[in-house]
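# Fold and contact review
If you want the building blocks of each chain, they are given just below.
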Amino acid sequence: MAGGGMVASSGGTEFEAKITPIVIISCIMAATGGLMFGYDVGVSGGVTSMDDFLKKFFPVVYRKKKAEVDSNYCKYDNQGLQLFTSSLYLAGLTATFFASYTTRRLGRRITMLIAGAFFIVGVVLNTAAQDLAMLIAGRILLGCGVGFANQAVPLFLSEIAPTRIRGGLNILFQLNITIGILFANIVNYFTAKIDGWGWRLSLGLAGIPAVLLTVGALLVVDTPNSLIERGKLDEGKSVLRKIRGTDKIEPEFLELVEASRKAKEVKHPFRNLLMRRNRPQLVIAVALQIFQQCTGINAIMFYAPVLFSTLGFKDDASLYSAVITGAVNVLSTVVSIYVVDKLGRRILLLEAGVQMFLAQIVIAIVLGIKVTDHSENLGTAYAVVVVVMICTFVSAFAWSWGPLGWLIPSETFPLETRSAGQSVTVCVNLLFTFVIAQAFLSMLCHFKFGIFLFFSGWVLIMSIFVVFLVPETKKVPIEEMTERVWKQHWFWKRFMEDDTDDGLKKNGHAKVFDPVSQL
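This text gives an overview of the structure that appears in the document.

Basis of the calculations
- Residues numbered from 1 in each chain as written.
- Predicted model: local features only at pLDDT ≥ 70, side-chain atom pairs only at ≥ 80, totals over all residues.
- Heavy atoms only, no water.
- Core = buried A, V, L, I, M, F, W, Y, C linked by side-chain atoms within 4.5 Å.
- Buried < 20%, exposed > 50% of the residue type's maximum accessible area, 1.4 Å probe, protein only.
- Contact = heavy atoms within 4.5 Å.
- Helix = DSSP H or I, 4+ residues; strand = E, 2+ residues; numbered from the N terminus.
- Axes fitted to C-alpha atoms, helices over the stretch in contact; angles between N-to-C directions.
- Parallel < 35°, antiparallel > 145°, perpendicular 65-115°, else oblique.
- Left-handed = near helix turned anticlockwise from the far one by under 90°.
- Nonpolar A, V, L, I, M, F, W, Y, C, P; charged D, E, K, R; others polar.
- Salt bridge = Lys/Arg side-chain N within 4 Å of Asp/Glu carboxyl O.
- Patch = residues over 30% accessible without salt bridge, like charges linked within 9 Å, V, L, I, M, F, W, Y side chains within 5 Å.
- Areas by Shrake-Rupley, 256 points an atom, 1.4 Å probe, with all protein chains shown as cover.

Right, let's talk about the nonpolar core for a bit. With 134 residues, the main nonpolar core has Phe53, Phe58, Met112, Phe119, Met356, Trp401 and Trp492 as its most contacted residues. Those residues in contact with Met112 that lie beyond four places of it in its chain are Ala30, Ala152, Val153, Phe156, Leu213, Ala217 and Val220. Counting 9 residues, the second largest nonpolar core, distinct from the first, contains Leu273, Ala285, Cys294 and Ala420.

Take a look at the structure:
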């Protein structure tokens, strides 16, 4: 499985790096964190459309669903039901700040191990839940696991991968998220047929990816960057030699040591993030997370069975449709792995913007014409159009904004702010995931088909943002981003010209800035 290759260094020489079995195995193991996250995203939508689950925990929603008198769009509009889904993301948002500390002080591997432990306990509580409090407590622990896994896994993947395939290996995390969602949709399709305890089986099977992540974290090595950062130079050198499959690792090792030395001069990485020189990475990382959620993808993924049921599909058909969209999601993410390091990041983001925009407009038109408050069914032809358009939308997201929303921030922050930057990235992502999860069913009730026009407007805005402000980072070594990307960009280069921050940086202080006036 080894293949030769060179990785560019900041000094202009070439680092030698083979694609070794240990790199592939480590990345696959680490990416199981995505499998767990994906399963949790996918399972909640199916479970919340199961009658037995609703009867036990949300009898009001169950009665509303069966009464068939309320608006089709408002059947599931319940804050408690939305809290079941969204509590996971609120907990993840809080946990990511603790995860930033453990990632830096204890390493990427230990942080993944902590995530696995949270996941296992959360799964046990959810599966055995007797009341709503126990159910929510389980979701909160799963959220803590998500916070720790989303902090550590993308960093681990970016740091262990050779530069030329960094994009593809990093997207393994996103691929596992999509596989987790598909697995959850298939499980829900079958457990929905089990009377009384099908929902428990759905929630309990999350234990499989939870155990995989924990075992994976025990088996992988930590990244050379992390070991060197914590002063374990000999161990870092040994791991670097092992993962690169060559003895000629001195140039790369010295560059990592130098990057680590600079990073140690920064006493307050979060404050350092606010420095002028770090503004481009911070603005792009935050914007990508907000835009990623405002595409509406998680609204579709969380609530796919609920959404299809709301649009007039029968229970079996709605779960079946969710499985189809899950499969499209996985296949399209595989496409991304193959093309991201060939075509580059920008072209994928822009092409997908056009595709998602058009798909959402068509969905809004069909629903506007065919789904009224009390109409029973879309009709087969229109139902097929909606499923095809949702698949078109999901495929575009899965080869672009899904994986690249994580990849671009993880490869653009310099080492001294990388852990803090990843923490902010995860935090913003989970905050907006929480907002969308908590609000979607109410928005669907009030906006009706207009919800898709709302999201398509965001797709247009974010595509314009990419055109002007997102640079290409394909095949650029992480430590060379400043010279080769930011200093060459028409807008961001002005933030690189001011080198007077060095003294401040060494003291761990940053200038206070007004983001409105600066941008």
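A few words on unusual backbone geometry. The backbone phi angle of Lys448 is positive, close to 55°, even though this residue is not glycine. Position of Lys448 relative to the elements: it lies in the loop between α20 (415-447) and α21 (450-469). Here the phi dihedral of Lys475 falls at roughly 60°; this positive angle occurs in a residue that is not glycine.

Each pair of packed helices can be summarised by the angle the axes make with each other and by the distance between the axes. Packing of helix α17 (residues 345-370) against helix α18 (residues 380-398) leaves a shortest axis separation of 8 Å and a crossing angle of 160°. As far as their axial angle goes, α18 and α17 are roughly antiparallel. Of the two possible hands of crossing, α17 and α18 adopt the one that is left-handed. Between α17, through Ala352, Gln355, Met356, Ala359, Gln360, Val362, Ile363, Val366, Leu367 and Lys370, and α18, the contact on the second element is made entirely by Tyr382, Val385, Val386, Met389, Ile390, Thr392, Phe393, Ser395, Ala396 and Phe397. Tallied by class, the residues present in the contact of α17 with α18 amount to 15 nonpolar, 4 polar and 1 charged.

Bringing the pattern of salt bridges into the picture now. Taken as a whole and assessed by the stated rule, the structure comprises 9 salt bridges. Across the pair Glu159 and Arg418 runs a salt bridge whose closest N-O atoms are separated by 3.1 Å. In this pair, Glu159 sits in helix α6 (residues 132-160) while Arg418 sits in helix α20, placing the two residues 259 residues apart along the sequence. For Glu159, a relative accessible area of 5% corresponds to the buried category. Between Arg261 and Glu258 there is a salt bridge; the shortest N-O distance is 2.7 Å. A residue pair is termed a helical-turn pair when its members lie 3 or 4 positions apart in one helix, as Arg261 and Glu258 do in helix α12 (residues 250-264) at 3 residues. Take Glu258: its relative accessible area is 32%, and that puts it in the partly exposed class. Each member of the salt-bridge network shares a partner with another, and the members are Arg108, Glu159, Glu229 and Arg418.

Relative to the assigned elements, Leu407 resides in helix α19 (residues 401-412). Spatially, the C-alpha atoms of Leu407 and Gly168 are 9.3 Å apart, while their sequence positions differ by 239 residues. For Leu407, the residues in contact, after removing those within four places along its chain, are Arg166, Gly167, Asn170, Val340 and Arg345.

Turning next to a nonpolar patch on the surface. Nonpolar side chains collect at one region of the surface, where Ile120, Val124, Val211, Val215, Leu218 and Leu219 lie side by side and expose about 520 Å² of accessible area between them. At the level of elements, α5 (108-127) and α9 (207-219) are the ones that each hand at least two residues to the nonpolar patch. Classification of Val211 as partly exposed rests on a relative accessible area of 44%.

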